[in-house]
Amino acid sequence: MRGQDLINATLPEELLLEIFNHIEGSKSDCDSCSLVCKRWMRLERISRRTLRIGGSCGNSPDVLIKLLVEKFVNVRNVFIDERLPISSPPAQSTYSFGPTNSWRKPTRGKGRGRKTAGSSSSSSKAGNSGTENSGSDEYDIEPFTLSDAGLTSLAQIVRLEKLSLIWCSSVRNEGLASLAEKCRNLKSLDLQGCYVGDQGIAAVGQWCKQLEDLNLRFCEGLTDTGLVELAAGCGKSLKALGIATCARVTDTSLEAIGSHCTSLQTLSLESDLIKNQGVLSIAKGCPSLKVLKLHCANVTDEALLAVGTYCASLELLALNSFQRFTDRSLLSIGEGCKKLKNLSISDCYFLTDMSLQAIGSGCPGLTNLEVNGCHNIGTLGLEYIGKSCPRLSELALLYCQKIGDDALLEIGRGCKLLQALHLVDCSNIGDDGICHIARGCKQLKKLHIRRCYEVGDKGIIVVGENCQYLTDLSLRFCDRVGDNALIAIGQGCPLLERLNVSGCHEIGDDGLVAIARGCPKLLNLDVSVLQNLGDLALAEVGEGCPLIKDVVLSHCRQITDVGLAHLVKNCTLLETCHMVYCPCVTSVGVATIVSTCVNLKKLLVEKWKVSQRTRRRAGFVLSYLCVDL
């Protein structure tokens, strides 16, 4: 009944809180609820559990943190990332905040600044952000820098469970130690890029006995002393640990982790100082290890043999740039790690087909395989996988010059569940191999091919005829792919959402018209460097694909302002557009996109094509490849 509040008068606060808890996954819904009335604003603040804070604002970040802690009293998860602008769209089920009135006095001709509007703490509305150059001639804003004072405010959240401080370079030992002492329920801590040292990490080990997940990547101030104390303090609860580029961390730390962290399940390690002894200690002391990612140039077969012997629960193994181990290592993995599902080997020059044979025969449950730059692995090795691993769902072959079409024949025969295939610079794979995959793997959803010059229309046509569930197709710089291929895709793949045909010079209007008429769910389109593409194709895309959010048109020499106008007439959901080096596009086309696409967040264009009026109206979404163009 008009004029009466039938909800607030009837629903108790407990029920409203329960409703808010159920819609927490939708930021826009929560923001809308907080704007209904003061009561709903207060209750919605109480219900929030997660805060995500970007990194570009002009006001003091420590003051911002203090304000947020006071207003959102039941927060459990806080994510602070200095790499991201304050206006970056948050991930689902998180909330992005910034200080109100974070504008500074305009200055002329100064770089690095961003024109960024912060949102209110009660209703966070993410603004639009450009790149470093966007708005740099109008606004100059100081960077976000969290200090120990901000951590002291965060320490008031005594029930804090997850904390991420990515590249917060001003955080020091004192602030971390103060927070650790008060937030003893902390379960996840990400300190990537923070210059904290032994004192702070030791305090975490002393006070945070429930810590399960710790990321110490690029913590340059850390030494063995801090990690040993951490392992001794909270090693029993620790389940996941990441260490990379910590120049003073050696095998001593891994020996302590192997001794104390018996429940460790995930280890990501990147270091040239780590040798066999450290990995041996982990393998022997952490029998529950499920995920192991190693980038350690000085580790040899001895360490990997121990992993195969002691880590029977291993499910994911990633080995990067190993120049000192051979097939013996993967023979051991195949014999001992029967639960292995995900294997990635990159730049391991001494591995041969025998390694994949061992994995195929010993790990039939393999679902994901990546072979990157392992030049001695050829067709025979992948054939073993196709014959032995029927559950394979994702396959990536990068820079594999010795793998040919016959390998994909076996994959197509034996791996009926394959959903994703990535091929990069595989010179011996051509149309026949793609045909084998398309005819055998009809559940295929993602196909990415880059610089495979033997792949042409024949293979992609068969994909269109057989893979009706395809949602993601990328054919970058495949010179032999033309309009006939896209016509088949448009006719046979109605669920397509992402298409990238950058550099496929044989594609013109006919191919893209077929996509526009047959793929109405298209969200992302990259047609850059297509010299034969014109306004007709853009008009058809605008008519047939109204859901498009991202489009790349750079280096398309025949596209004009007329085509852009037709494109954006119906594609009002467009968020990003790249169109540099399009000589027939003028300031009129730029103004058309800016004025029509109300959701636009980034427009990459030459600076000289932007009028003063457009710059005043939408400077915060403009991004320039080069300011002197």
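- Within an unreviewed UniProt entry, the label attached to the protein chain reads F-box/LRR-repeat protein 4, and the organism entered is Papaver nudicaule.

**A closer look at unusual backbone geometry**
(1) Moving on: A positive phi angle is found at Phe 477, which is not glycine, with a value near 55°.
(2) Moving on: In this fold, Phe 477 is placed in the loop between strand 16 (472–476) and helix 18 (483–492).
(3) Moving on: By relative accessible area, Phe 477 is classed as partly exposed at 29%.
(4) Moving on: Phi at Tyr 581 is positive, roughly 60°, even though this residue is not glycine.
(5) Moving on: Along the polypeptide, Tyr 581 turns up in the loop between strand 20 (576–578) and helix 22 (587–596).

**Observations concerning the pattern of salt bridges**
(1) Moving on: Counted according to the given criterion, the structure contains ten salt bridges.
(2) Moving on: The salt bridge partner of Arg 413 is Glu 410, with a shortest N-O separation of 3.4 Å. Separated by three residues within a single helix, Arg 413 and Glu 410 lie in helix 15 (residues 405–414), roughly one turn from each other.
(3) Moving on: A salt bridge links Asp 472 to Arg 498; its shortest N-O distance comes to 3.3 Å. Separated by 26 residues along the polypeptide, Asp 472 in strand 16 and Arg 498 in strand 17 (residues 498–500) bring together distant segments of the chain.
(4) Moving on: A network of salt bridges, in which partner residues are shared, links Asp 472, Glu 497 and Arg 498.

**A closer look at the nonpolar core**
(1) Moving on: Membership of the largest hydrophobic core comes to 174 residues, with the highest contact counts inside it found for Ile 345, Leu 397 and Met 579.
(2) Moving on: Other than its neighbours up to four places away in sequence, Met 579 contacts Leu 553, Ser 554, Leu 564, Val 585, Val 590, Ile 593, Leu 603, Leu 604, Val 605 and Glu 606.
(3) Moving on: Counting five residues, the second largest nonpolar core, distinct from the first, contains Leu 16, Phe 20, Cys 33 and Trp 40.

**Quick word on the side chain of Asp 224**
(1) Moving on: Within the secondary structure, Asp 224 sits in helix 8 (residues 224–234).
(2) Moving on: The residues touching Asp 224, leaving out its near neighbours within four places in the chain, are Arg 248, Val 249, Thr 250, Thr 252 and Ser 253.

**Comments concerning the pairing of strand 2 (residues 77–81)**
(1) Moving on: Counting buried positions along strand 2 yields four of five residues, so the element is predominantly enclosed.
(2) Moving on: Bridge analysis of strand 1 (residues 50–53) against strand 2 gives four bridges, and the strand direction is parallel. Residue pairing across strands places Arg 52 opposite Phe 79, the latter belonging to strand 2.
(3) Moving on: Here five bridges tie strand 2 to strand 4 (residues 162–166), and the two strands are oriented parallel to one another. Note that in strand 4 the partner of Ile 80 across the bridge is Leu 165.

Criteria and thresholds
- Residues numbered from 1 in each chain as written.
- Predicted model: local features only at pLDDT ≥ 70, side-chain atom pairs only at ≥ 80, totals over all residues.
- Heavy atoms only, no water.
- Helix = DSSP H or I, 4+ residues; strand = E, 2+ residues; numbered from the N terminus.
- Buried < 20%, exposed > 50% of the residue type's maximum accessible area, 1.4 Å probe, protein only.
- Salt bridge = Lys/Arg side-chain N within 4 Å of Asp/Glu carboxyl O.
- Core = buried A, V, L, I, M, F, W, Y, C linked by side-chain atoms within 4.5 Å.
- Contact = heavy atoms within 4.5 Å.
- Pairing = 2+ DSSP bridges.

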